[in-house]
Amino acid sequence: MRNLFIVLVAVACLCGCDRRSEAERFADDLMSRMTLREKVGQMSQFAPQTGVVTGPEGEPMDLNALIKAGEVGSVLNVKTPEEIWELQRLAVDSSRLGIPILFGHDIIHGCKVIFPINLGSACSWNVEAVKESARIAAAEAAAMGIAWTFSPMCDVSADPRWGRVSEGSGEDPYLAAKLSAAMVEGYQGEELADSTTIMACVKHFAAYGAPEAGRDYNTVDMSERMFRDRYLPPYVAALDAGAATVMTSFNDFNAIPASGSRWLLKELLRDELGFDGFVVSDYRAVTEMIAHGVARDTTEAAYKAMKACLDMEMVSGSYLNSVEELVKEGLVSEKEIDAMCRNVLVAKYNLGLFEDPFRYGGAERFAGSIYRPEDLAFARSIARESMVLLKNEGEVLPLDGGERIALIGPYISSPRAMLGSWTAFRDYDRTVTIGQGFEERFPGKVTMTAGCGPYAEIDGGIAQAVRAARNADVAVLTLGLPGEFSGEAASMTSVELPQAQKNLLAAVKAAGKPVVVLLTTGRPMALESVIDDMDALFLAWHPGTEGGHAIADVISGDHSPSGHLVMSFPRCDGQIPIRYNHKATGRPLEGTAPDPLISMKKLYKSCYLFTPDTPLYPFGYGLSYTEFEFDSLEVVDKDNIHIGDDVTVRVRVSNVGDRDGATVAQLYMRDMAASTTRPVRELKGFERLHLRKGELRVVEFVLTAEDMSFWREDMKFGQEPGEFRLWLGNHSDATLEASFTVRP
Ligand code: BGC
């Protein structure tokens, strides 16, 4: 059978036509020999019972029997390269047509070498580095036998209650679009058939990042304008970068579950956005339409998903179980099935699986391809760039003066706190913990004690921590949330520090030594109630395999911190969701509201009574050990700008401190009077800059007509004339200002 495929592939390649039609011809020829069940088999994805668990358990099924029957197009969550090849061999040798299986997995922020969680890497604002991390992850995954990752997650979110913010690029659509596209380019490389690249999957389509009240899988209901302006851009950017597949989201979107939404999957995705790859459902999302209350049974769920043009069903098996009935009753035509099956076969063709089903993986290749020293070095550098210094009173940091350090807190020795969620192939013993990183960098200077657990007090723990702090020059506290409490199914109603940690912090602060907090977390946290107890606040996220080294690199001043937030840090839970790019309202609050208890009067402004409406740390924020200044903001040829023109903006950035360092120049824009309300600020350009001490650089940004366009009152995407204001600096509250007018 394998030889026959190779001949067919060769014949297809000899025709001088483009690859898609080559692949389609191949698929059509193959489908002419396939039964209905075999076709729907290609549209079905299953996980082995012994695999990595990424969703609720279902009915037990016999995967091997299904493979032999030619009824499995794809398998996810297989644990080892050996098992992958075993299953592939079964498909190729024992099924009637020997169609190779497509193996998929969640390679979300690294495969063996784990990089910072995606939210952390995004804080580097380093598009090339994010792309490189995806490239390395793809190479390791491909060496395992995996040809498809369920990444990037393109869901914009401003709600840290939602655990999955850790997998995304934050609250801003412009930045998330750039990073999502970079990840696709990193995974897929130049050529999908290259055995070191894998297919990307744009997920979760759509608007999964806006669940009501931050509860995972919850309803999303929003205007189409808001969806298109704020949520759609990263998905589109990833598709434009060539993403081969898309995954539906679990949520209902404007009352239709995404997996059954013909508007989302056909009209928008295929007809409008021109996507021609294949769409996979999320885990059991097809049959979950029953619980959503839009399908009576699995057959109706399968019917709705097929009618929406959902090409492949993940895990729940309703396609296979229902197809004969649906076709017999004329509800779904074989032509419709062919179109979906073709999309899957084309992807396999493009990956080169028909040429060689064993192109990816193999235990031997795997062993030689993982944990390469250069990849570990890269992991360390992107981890450094992901970390954000939020507070540094009295320049407690860096610790470069030979201080005696009391390292305290529940995460000192926790590899999981370094890794975060979605790390199926992690190795704890290859993970550098905070304690290890400190001991290596500050030999003989560190004492360590936990003080408390993530949530619970330890008997005598606080007293011991206080003693350690007293005997040291500085207390470094590892606080935050455990790695397993971010990601899927990890929503929280409070993102404050757990009480046991608050108690530890207060006690250590009272010991009188400077307190540095190293925050490990997969989401922004609400820290106003404890911030005064911290002299320095250093956000490490879940920084990956090399986390402990990277933290020590920056804490010691060997490298200056350069990360900048991609999600606002709220003051308290009640402010959530909070984002910099909100609308103005008709009663915006300018300045600070007077204390209501003193003035005893209402302001009639859009604000809270006892809490400012600003975050504790805004989007884009991040300190360094050196200082940067921005000046001379200039709009080139500002009196001669018309609809359709590019606008060039220049600014001078200087490192005026006494160390080398990096910062991120960020350009924000506001359309002052438009046909619809527009955000008070929108990121429209950024550049990560490394400047030597004393160095000055002129940075130029170009705003295109598209950058100034939006979904207007007439629901067309386009520009409008009028005044635009700009701000430039290294956070979203930047005050350096300019403006220009776009004329008709
Ligand atoms: C998640 C997806 C993931 C899939 C497969 C689902 O529960 O929502 O993001 O790709 O499982 O593991």
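Not measured: the values here are computed from a predicted model.

A. Quick look at helix α7 (residues 127–144). Counted at 1.5 Å a residue, the expected span for α7 with its 18 residues is 26 Å, and the 26 Å between its end C-alpha atoms agrees. Taken residue by residue, α7 has Ala 129, Val 130, Ser 133, Ala 134, Ile 136, Ala 137, Ala 138, Glu 140, Ala 141, Ala 142, Ala 143 and Met 144 as its buried positions. Buried-residue contacts for α7 involve α5 (81–94), α6 (118–122), α8 (173–188), α15 (363–369) and α16 (373–386). Positive phi shows up at Gly 145, right after α7, with a value of about 115°.

B. Seen up close, the pairing of strand β15 (residues 515–520). Counting buried positions over the six residues of β15 gives six, a clear majority of the element. Neither face of β15 is exposed, since Val 515, Val 517 and Leu 519 on one face and Val 516, Leu 518 and Thr 520 on the opposite face are all buried. One ladder, built from six bridges, connects strand β14 (residues 474–480) with β15; its direction is parallel. The partner of Leu 479 across the bridge, within β15, is Leu 519. A crossover links β14 with its parallel partner β15, the connecting element being helix α20 (residues 499–510), and its sense is right-handed. As judged from the four bridges shared by β15 and strand β16 (residues 536–539), these two strands associate in the parallel manner.

C. View of the packing of aromatic side chains. Evaluated as defined, the whole model comprises 24 aromatic pairs. With centroids separated by 4.7 Å and ring planes inclined at 55°, the aromatic side chains of Phe 227 and Phe 253 adopt a geometry described as tilted. Of the two residues, Phe 227 is situated in helix α9 (residues 224–240) and Phe 253 in strand β7 (residues 252–253); the sequence distance between them amounts to 26 residues. Judged by its relative accessible area of 0%, Phe 227 falls in the buried class.

D. The arrangement of the site of the ligand in detail. Around the ligand there are 14 residues in total, and Asp 106, Arg 164, Lys 203, His 204 and Asp 282 lie nearest to it. In this structure, an oxygen atom belonging to the ligand sits 2.7 Å away from a side-chain N or O atom of Arg 164. Taken together, the residues of the shell around the ligand break down into seven nonpolar, two polar and five charged.

E. How the structure looks around the sheet that holds β15. Taken together, the six strands give an open sheet; going across it, the order is β11-β16-β15-β14-β12-β13, and neighbouring strands pair in mixed fashion. The open sheet terminates on both sides in strands that have one partner only, identified here as β11 (388–392) and β13 (446–449). Along the sheet, successive strands turn relative to each other by an average axial angle of 20°, direction set aside.

F. Molecular detail of a nonpolar patch on the surface. Where nonpolar side chains cluster on the molecular surface, the patch consists of Leu 597, Met 600, Leu 609 and Phe 610 and spans about 510 Å² of accessible area. Given the relative accessible area of 53%, Leu 609 is considered exposed.

G. Just the side chain of Ser 318, in detail. Looking at where Ser 318 falls in the secondary structure, it is placed in helix α13 (residues 318–328). Apart from the residues within four sequence positions on either side, Ser 318 is in contact with Val 286, Thr 287, Thr 298, Ala 302 and Glu 313.

H. Seen up close, the pairing of strand β25 (residues 736–742). Where strand β24 (residues 722–729) lies against β25, seven bridges are found, and the strand directions are antiparallel. Each residue of the ladder has a partner; that of Arg 725, found in β25, is Ser 739. The turn linking β24 back onto β25 is made up of six residues.

I. Just the pattern of salt bridges, in detail. Counting across every chain of the model gives 42 salt bridges. Note that Arg 37 is salt-bridged to Glu 71, the shortest N-O span being 2.8 Å. Here Arg 37, found in helix α3 (residues 36–42), pairs with Glu 71, found in the loop between α4 (63–68) and β2 (74–76); they are 34 residues apart in sequence, far enough to count as distant. Judged by relative accessible area, Arg 37 falls into the partly exposed class, the value being 24%. One salt bridge connects Asp 375 with Arg 372, and the closest N-O pair in it is separated by 3.0 Å. Salt bridges here are not isolated pairs; linked through shared partners, they connect Asp 229, Arg 678, Glu 682 and Lys 684.

J. Examining the packing of helix α19 (residues 461–470) against α20 more closely. Running from N to C, α19 and α20 point in directions that differ by 35°, and their axes come no closer than 9 Å. In the packing of α19 onto α20, the handedness of the crossing is right-handed. Packed against α19, whose contacting residues are Ile 462, Ala 465, Val 466 and Ala 469, the element α20 presents Asn 503, Leu 504, Ala 507 and Val 508 at the interface. Among the residues making up the contact of α19 with α20, the classes are represented as seven nonpolar, one polar and no charged.

K. Here's a closer look at the nonpolar core. Counting 181 residues, the largest nonpolar core has Phe 205, Phe 227 and Leu 477 as its most contacted members. Beyond its immediate sequence surroundings of up to four residues, Phe 205 is in contact with Leu 232, Tyr 235, Val 246, Met 247, Thr 248, Ser 249, Ala 258, Leu 264, Leu 265, Leu 268 and Leu 269. One finds Leu 389, Ile 412, Phe 442 and Ala 536 within the second-largest nonpolar core, a separate group that totals 28 residues.

Parameters and conventions
- Residues numbered from 1 in each chain as written.
- Predicted model: local features only at pLDDT ≥ 70, side-chain atom pairs only at ≥ 80, totals over all residues.
- Heavy atoms only, no water.
- Helix = DSSP H or I, 4+ residues; strand = E, 2+ residues; numbered from the N terminus.
- Expected span 1.5 Å × (residues − 1).
- Buried < 20%, exposed > 50% of the residue type's maximum accessible area, 1.4 Å probe, protein only.
- Contact = heavy atoms within 4.5 Å.
- Pairing = 2+ DSSP bridges.
- Right-handed = clockwise from strand over helix to strand, strands pointing away.
- Phe/Tyr/Trp six-rings, centres within 6.5 Å; stacked < 30°, edge-to-face > 60°.
- Near = heavy atom within 4 Å.
- Polar contact = N/O pair within 3.5 Å; in protein donor to acceptor, adjacent residues only side chain to side chain.
- Nonpolar A, V, L, I, M, F, W, Y, C, P; charged D, E, K, R; others polar.
- Axes fitted to C-alpha atoms, helices over the stretch in contact; angles between N-to-C directions.
- Patch = residues over 30% accessible without salt bridge, like charges linked within 9 Å, V, L, I, M, F, W, Y side chains within 5 Å.
- Areas by Shrake-Rupley, 256 points an atom, 1.4 Å probe, with all protein chains shown as cover.
- Salt bridge = Lys/Arg side-chain N within 4 Å of Asp/Glu carboxyl O.
- Left-handed = near helix turned anticlockwise from the far one by under 90°.
- Core = buried A, V, L, I, M, F, W, Y, C linked by side-chain atoms within 4.5 Å.

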